[in-house]
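Architecture at a glance
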Amino acid sequence: METAANAAPAAVIVAIDGPSGTGKSSTSKSVAAQLGLSYLDTGAQYRAITWWMVSNGIDVTDPSAIAAAAGKPEIVSGTDPSAPTITVDGTDVAGPIRTQEVTSKVSAVSAVPEVRTRITELQRSIAKSAQRGIVVEGRDIGTTVLPDADLKIFLTASPEARAARRSGELKGVDVAATREALIKRDAADSGRKTSPLAKADDAVEVDTTELTLKQVIECVVTLIEEKRAAK
Ligand SMILES: Nc1ncnc2c1ncn2[C@@H]1O[C@H](COP(=O)(O)OP(=O)(O)O)[C@@H](O)[C@H]1O
Ligand SMILES: Nc1ccn([C@H]2C[C@H](O)[C@@H](COP(=O)(O)OP(=O)(O)O)O2)c(=O)n1
């Protein structure tokens, strides 16, 4: 007979939100891998639907055109944190969704309510089917997608730290230009009507400006273990 001591831990749902460059993806992937949980990058889903709109000639300055097309692409996310995947209608789009063109258009596409409804449903069904639990990262996970998550984290960092991290990834891109682009995208994501980027009232805020990635990961792992122990 299985005892409490050797029973599998109950599934745990973790929501990690915050602006761009605060460390959501790197932290979430590593934490999920360490704890044997699934991992979902919701930004990649919004990027994927944006990529599809651009590739299919949809005018992304026209919310009604975006709304009319929102149900068309089939977006599939692979949730293994050591090898996350994203496909649109069967095509691997992991590379194309990271282009500057998609990055500059994703806020407009993701502000359209029909897009959010579609992607939110997909996210909830993925979270529900994760048997051991999942780390879901994005902008509105704690507030809208999974308001009953076991643990909500809101990561922040100064614009300077975030821009330095991002321009370190995009070789040759100017830090000042990166900073301006980040601030513009955060303002659009925080200012939209439908489920804007926001900290849930019950989220734990972690300012990562002066922390190493390793310290952030350790902090989140500790918070999850505390939640699991209390379950
Ligand atoms: N605490 C940290 N200190 C230094 N660099 C970090 C830290 N957290 C993340 N990074 C780096 O910053 C970049 C952006 O991190 P990422 O996880 O993609 O952020 P987000 O998903 O919030 O946009 C990556 O290159 C990552 O390795
Ligand atoms: N839950 C989410 C996740 C992302 N988005 C939108 C808003 C973001 O600017 C884009 C891209 O998100 P992504 O996490 O890939 O962005 P960065 O990694 O910070 O560059 O998608 C959203 O509206 N809601």
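You'll find the chain entered in an unreviewed UniProt entry as Cytidylate kinase, with Streptomyces monticola given as the organism. Taken from UniProt, the Sequence similarities (unreviewed entry) comment for the chain reads in full: "Belongs to the cytidylate kinase family. Type 1 subfamily." As its UniProt record puts it under Subcellular location (unreviewed entry), the chain is described as follows: "Cytoplasm".

Not every one of the 18 residues close to ligand 2 is listed here, only the nearest: Ser 20, Arg 47, Arg 116, Arg 185 and Asp 189. In the model, a nitrogen atom of ligand 2 is placed 2.9 Å from a nitrogen or oxygen of the Asp 140 side chain. Note that an oxygen atom of ligand 2 is positioned 2.7 Å from one of the side-chain N or O atoms of Asp 189. For ligand 2, the protein covers 98% of the area, taking 520 Å² as the surface of the free molecule. Elements represented by at least two residues in the shell around ligand 2 include exactly α2 (42-55), α4 (100-110) and α8 (175-191). Tallying contributions element by element places α2 first for the shell around ligand 2, with four residues.

Let us now look at the site of ligand 1. Around ligand 1 sit 16 residues, and of these Gly 21, Lys 24, Ser 25, Ser 26 and Arg 166 come closest. The contact in question runs from an oxygen atom of ligand 1 to an N or O atom on the backbone of Thr 22, over 3.2 Å. Ser 26 places a side-chain nitrogen or oxygen 2.3 Å from an oxygen atom of ligand 1. Alone, ligand 1 offers 560 Å² of accessible surface; in the complex the protein occludes 79% of this. Of all the elements in the fold, those that place two or more residues in the shell around ligand 1 are α1 (24-35), α7 (159-169) and α9 (213-230).

On to the side chain of Thr 42, then. You can see Thr 42 is positioned in helix α2. Only 2.7 Å separates the side chain of Thr 42 from the backbone oxygen of Glu 137, close enough to count as a polar contact. Residues in contact with Thr 42, not counting those within four places in the same chain, are Gln 123, Val 136, Glu 137, Gly 138 and Ile 141.

Counting 21 residues, the largest nonpolar core has Met 53 and Val 115 as the members making the most contacts within it. Secondary-structure elements contributing two or more residues to this core are α2, α3 (63-69), β4 (85-88), α4 and α5 (113-129). When residues of this core are assigned to their parent elements, the largest contribution, six residues, is made by α2. Val 31, Val 135, Ile 153 and Ile 224 belong to the second largest nonpolar core, which has 19 residues in total.

Relative to each other, α7 and α8 sit at 115 degrees, their axes nearing to 8 Å. Crossing of α7 against α8: the hand is right-handed. Across the interface between the two elements, Pro 159, Glu 160, Arg 162, Ala 163, Ala 164, Arg 166 and Ser 167 of α7 pack against Val 175, Thr 178, Arg 179, Leu 182, Ile 183 and Asp 186 of α8. Tallied by class, the residues present in the contact of α7 with α8 amount to six nonpolar, two polar and five charged.

On to the confidence of the model for the chain. Looking at the chain as a whole, its pLDDT mean stands at 94, while 95% of the residues score no less than 70. Reported confidence for the predicted complex is 0.98 by ipTM and 0.95 by pTM.

Moving on, we come to the pairing of β4. Covered by surrounding structure in β4 are Ile 86 and Val 88 only, the residues Thr 85 and Thr 87 on the alternate face being uncovered. The pairing of strand β3 (residues 75-78) with β4 spans four bridges and is antiparallel. Bridge pairing in β4 links Gly 78 to Thr 85. In this antiparallel pair of consecutive strands, β3 and β4, the connection spans six residues. Where β4 meets strand β5 (residues 91-92), two bridges bridge the pair, whose relative direction is antiparallel. Bridge assignment links Thr 87 to a residue of β5, and that residue is Asp 92.

It is worth spelling out the sheet that holds strand β1 (residues 12-17) at this point. The strand order β2-β6-β1-β7-β8 describes an open sheet built from five strands, whose pairing is parallel. Of all strands in the sheet, those with a lone pairing partner are β2 (38-41) and β8 (204-207), marking the two edges. The sheet shows a mean angle of 20 degrees between the axes of neighbouring strands, direction not considered. Both β1 and strand β7 (residues 151-156) contribute to a ladder of four bridges, which runs parallel. The residue of β7 that forms the bridge with Ile 16 is Ile 153. Its contacts with the sheet place α1 against β1, β2, β6 (133-138) and β7, and it is angled at close to 175 degrees to β6.

About the criteria used
- Residues numbered from 1 in each chain as written.
- Chains lettered and ligands numbered in written order.
- Predicted model: local features only at pLDDT ≥ 70, side-chain atom pairs only at ≥ 80, totals over all residues.
- Heavy atoms only, no water.
- UniProt positions renumbered as here; feature names shortened; annotations may be inferred.
- Near = heavy atom within 4 Å.
- Polar contact = N/O pair within 3.5 Å; in protein donor to acceptor, adjacent residues only side chain to side chain.
- Areas by Shrake-Rupley, 256 points an atom, 1.4 Å probe, with all protein chains shown as cover.
- Helix = DSSP H or I, 4+ residues; strand = E, 2+ residues; numbered from the N terminus.
- Contact = heavy atoms within 4.5 Å.
- Core = buried A, V, L, I, M, F, W, Y, C linked by side-chain atoms within 4.5 Å.
- Buried < 20%, exposed > 50% of the residue type's maximum accessible area, 1.4 Å probe, protein only.
- Axes fitted to C-alpha atoms, helices over the stretch in contact; angles between N-to-C directions.
- Left-handed = near helix turned anticlockwise from the far one by under 90°.
- Nonpolar A, V, L, I, M, F, W, Y, C, P; charged D, E, K, R; others polar.
- pLDDT = per-residue confidence, 0-100.
- Pairing = 2+ DSSP bridges.

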